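# Overview (structure and organization)
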Amino acid sequence: MKDNLELLVQYGNELFTSGLTSGTGGNLSYFDREKGLMYITPSGIPFADIKVEDMVALNLDGEIVEGFRKPSSEWALHLIFYKNRNDINAVIHAHTTYSTVFAVLNQSIPPSHYMLTLAGKDVRCAEYAPFGTKELAKNAFEAMKDRKAALLANHGIITGGASLAEAFAVLRETDYCAKIHILAKSIGEPIIMPDDEMERMSVRFKTYGQ
């Protein structure tokens, strides 16, 4: 199994190569619960140039304890989830195209496709706050209650999971569902799936795959 530091590099590159973000738009982290440390990507370095040794470790007080780089400006956005949610060990923030369309409209992504159940019944849009602020972190945390994704108004998306693989899957599928909804709206009105059906889908996903 790959070390989580290597996975931060891998999924950062995949964000860029898959077209889910551009330039330095985004950041990834994971939480080592045994050490009580968050490892996060550095600030302002293109994903293709980030190496394992560039990662920065912060404790739950937001203090740098490992690394020589400056951490992502969004470190507080990640840390709030590790301090308050036991089901999240990895967080990804990105400027994905289709999810960000909803974010700039300050609208939630509705469940017109069952795959959105990976994130929740829907994906709420958090109230606006400037990037890199504790206010943004608080707003995102509130919007992501009982969910694994939230939109950041006029900004982008944040997702979480038990692992980096799950956080990335939630981000990818949420953006796919946003894309499908936007395209469907261009020729008609998408049918929104009811809460009870999304709940059934959530149960089915727990036994999906190997």
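Preceding this section is the structure that the text describes.
Predicted model only: the values in this text are computed from it and were never measured.

Counted residue by residue, strand β8 (residues 156–161) has six buried out of six residues, so it is predominantly covered. Both faces of β8 are covered, namely the face carrying Gly156, Ile158 and Gly160 and the face carrying Ile157, Thr159 and Gly161. Both strand β5 (residues 90–94) and β8 contribute to a ladder of five bridges, which runs antiparallel. Paired with Ile92 across the two strands is Thr159, which belongs to β8. Here strand β7 (residues 149–152) runs beside β8; their pairing, made up of four bridges, is antiparallel. Residue pairing for β8: Ala150 is matched across the bridge by Ile158. Turn length for the β7-β8 hairpin, with the two strands adjacent in sequence and antiparallel, is three residues, and the turn residue Asn154 shows positive phi of about 55°.

It is worth spelling out the environment of Pro71 at this point. As for its position among the elements, Pro71 is in the loop between β4 (64–66) and α2 (75–84). Using a relative accessible area of 10% as the deciding quantity, one classes Pro71 as buried. Taking the C-alpha atoms as reference points, Pro71 and Val56, separated by 15 residues in sequence, lie 5.8 Å from one another. The contacts of Pro71, once residues within four sequence positions are left out, are Ile40, Thr41, Pro42, Ser43, Val56, Leu58 and Ile64.

Right, let's get into the side chain of Glu173. Relative to the elements of secondary structure, Glu173 occurs in helix α5 (residues 164–185). Judged by relative accessible area, which is 15%, Glu173 ranks as buried. What Glu173 contacts, discounting residues up to four positions off in sequence, is Met115 and Leu118.

The subject of this paragraph is the pairing of strand β1 (residues 26–32). Regular strands place side chains that alternate from one sheet face to the opposite one. Most of β1 sits out of view: seven of its seven residues are buried. Side chains Gly26, Leu28, Tyr30 and Asp32 project from β1 onto one buried face, and the interleaved Asn27, Ser29 and Phe31 project onto a second face that is buried too. By the bridge criterion, five bridges tie β1 to β5 in an arrangement that is antiparallel. Residue Leu28 lies in a different strand from β5, and its bridge partner there is Ile92. Pairing analysis gives four bridges linking β1 to strand β2 (residues 37–40), with the strands arranged antiparallel.

Basis of the calculations
- Residues numbered from 1 in each chain as written.
- Predicted model: local features only at pLDDT ≥ 70, side-chain atom pairs only at ≥ 80, totals over all residues.
- Heavy atoms only, no water.
- Buried < 20%, exposed > 50% of the residue type's maximum accessible area, 1.4 Å probe, protein only.
- Helix = DSSP H or I, 4+ residues; strand = E, 2+ residues; numbered from the N terminus.
- Pairing = 2+ DSSP bridges.
- Contact = heavy atoms within 4.5 Å.

Any functional reading would require information beyond the geometric quantities listed.
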